[in-house]
Amino acid sequence: MIYCVILRYGKSSGAGAGEKLAELPEWYLNDPIVEACLRLIASGPRSKREQYGAVLVSRTGEVVSLARNMKVYTHEPWRRQAYANHSEGMAIFAAVMLGYDVADFTIFVSGFLADGQPFIRHSDHAPRFSCLSCAKVFLEYTVSVAVPTENGWVSLSPDQAMTTAVCFSNQAKEMAGKKKNSQGRRLESLMLSPGVCQAL
């Protein structure tokens, strides 16, 4: 079933920028939590953006709630992260609305990146979480997060999720700044080139 969803929705392998795998690990194709996440995604509208599903599991191993990232309207009762809720936040907010004390629960997240590749961390890369908005929710509710890697699920504490998310955010800003500066220098060189001003 998992492989069918991947073929329908995304591409057959991959693990993010610089982390692509030759093939999907066996555990991933047989994991019930991965299947739950991907089924949720497949039930929603197809998108070229990143799509994730999340499963919130209690301290005793009970599945408490499932969610996918979705747009949330102001008239709806959900707590909002922004114009849309991420799957992790949605699953936690749903459990809280149902009366659960989610402290020390674990949120498992899986899905597809923007290029259609399944989200799986490479074993050579240190486990990290990249969403600052969700990391804040984890800290608020004391929820750990588990991300899929080549060798199985790896859990990060709320503090670890926040630390790695801040690091990722800073790196993204740095890269965006370099790209902007590079584009600015290129435009400046074009403007100074003979004949360019006349052409413009």
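In this report, the structure presented in the accompanying data block is examined. All figures in this text were calculated on a predicted structure; none of them were measured in a lab.

Attention shifts here to the overall build of the protein. If you tally the helices and strands in the protein, you get seven helices and seven strands. Order of helices (α) and strands (β) in the protein, N terminus to C terminus: α-α-α-β-β-β-β-α-β-α-β-β-α-α. In the protein, buried positions account for 44% of the 200 residues. For the protein, the proportion of contacts with a sequence separation of at least 24, taken over those separated by at least 6, is 64%. Surface summary for the protein: the accessible area is close to 11,300 Å², and the carbon and sulfur share equals 54%.

What follows concerns the packing of helix α4 (residues 87–97) against helix α5 (residues 132–141). Across the interface, α4 lies against α5 with an axial gap of 9 Å and an inter-helix angle of 30 degrees. Of the possible angle classes, the one that applies to α4 and α5 is roughly parallel. Where α4 crosses over α5, the two elements pack in a sense that is left-handed. Two secondary-structure elements touch here, α4 through Glu 88, Gly 89, Ile 92, Phe 93 and Val 96 and α5 through Cys 134, Val 137, Phe 138 and Tyr 141. Partitioning the contact of α4 with α5 into residue classes produces seven nonpolar, one polar and one charged.

The tally for this structure, following the rule as stated, stands at two salt bridges. The closest approach of N and O atoms between Arg 39 and Glu 35, which form a salt bridge, is 3.0 Å. Of the two residues, Arg 39 and Glu 35 both sit in helix α3 (residues 32–43), four residues apart, roughly one turn of that helix. Residue class for Arg 39 comes out partly exposed when judged on its relative accessible area of 45%. Glu 140 is the salt-bridge partner of Arg 79, the closest N and O atoms lying 2.8 Å from each other. Linking Arg 79 in the loop between β3 (70–71) and β4 (84–85) with Glu 140 in helix α5, this pair joins segments that are 61 residues apart in sequence. Judged by relative accessible area, Glu 140 falls into the partly exposed class, the value being 46%.

Sheet architecture is open: five strands sit in the order β2-β1-β5-β6-β7, paired in mixed fashion. Looking at strand neighbours, the two that pair on one side only are β2 (63–68) and β7 (152–156), the edges of this open sheet. For this sheet the average axis-to-axis angle between neighbouring strands, irrespective of direction, equals 25 degrees. By the bridge criterion, three bridges tie strand β5 (residues 106–112) to strand β6 (residues 144–149) in an arrangement that is parallel. Of the residues in β6, the one forming a bridge with Thr 106 is Ser 144.

Let us now look at the pairing of β5. Among the seven residues in β5, seven count as buried, and that is most of the element. Side chains Thr 106, Phe 108, Ser 110 and Phe 112 project from β5 onto one buried face, and the interleaved Ile 107, Val 109 and Gly 111 project onto a second face that is buried too.

Among the 11 residues that make up α4, nine are buried, leaving the element largely enclosed by the rest of the structure. Looking only at α4, the buried set comprises Ser 87, Glu 88, Gly 89, Met 90, Ala 91, Ile 92, Phe 93, Ala 94 and Ala 95. Downstream of α4 by one or two residues, Gly 99 has phi in the positive range, about 100 degrees.

What follows concerns the packing of aromatic side chains. Under the counting rule described, the total for this entry stands at five aromatic pairs. When the centroid spacing of 5.0 Å and the interplanar angle of 90 degrees are considered together, the rings of Phe 108 and Trp 153 count as edge-to-face. You can see Phe 108 sitting in strand β5 and its partner Trp 153 sitting in strand β7, a full 45 residues away along the chain. Phe 108 sits in the buried class, given a relative accessible area of 14%. In this structure an aromatic cluster arises from ring pairing among Trp 27, Tyr 28, Phe 108 and Trp 153.

About the criteria used
Residues numbered from 1 in each chain as written. Predicted model: local features only at pLDDT ≥ 70, side-chain atom pairs only at ≥ 80, totals over all residues. Heavy atoms only, no water. Helix = DSSP H or I, 4+ residues; strand = E, 2+ residues; numbered from the N terminus. Buried < 20%, exposed > 50% of the residue type's maximum accessible area, 1.4 Å probe, protein only. Contact = heavy atoms within 4.5 Å. Areas by Shrake-Rupley, 256 points an atom, 1.4 Å probe, with all protein chains shown as cover. Axes fitted to C-alpha atoms, helices over the stretch in contact; angles between N-to-C directions. Parallel < 35°, antiparallel > 145°, perpendicular 65-115°, else oblique. Left-handed = near helix turned anticlockwise from the far one by under 90°. Nonpolar A, V, L, I, M, F, W, Y, C, P; charged D, E, K, R; others polar. Salt bridge = Lys/Arg side-chain N within 4 Å of Asp/Glu carboxyl O. Pairing = 2+ DSSP bridges. Phe/Tyr/Trp six-rings, centres within 6.5 Å; stacked < 30°, edge-to-face > 60°.

That is the geometry; function is a separate question.
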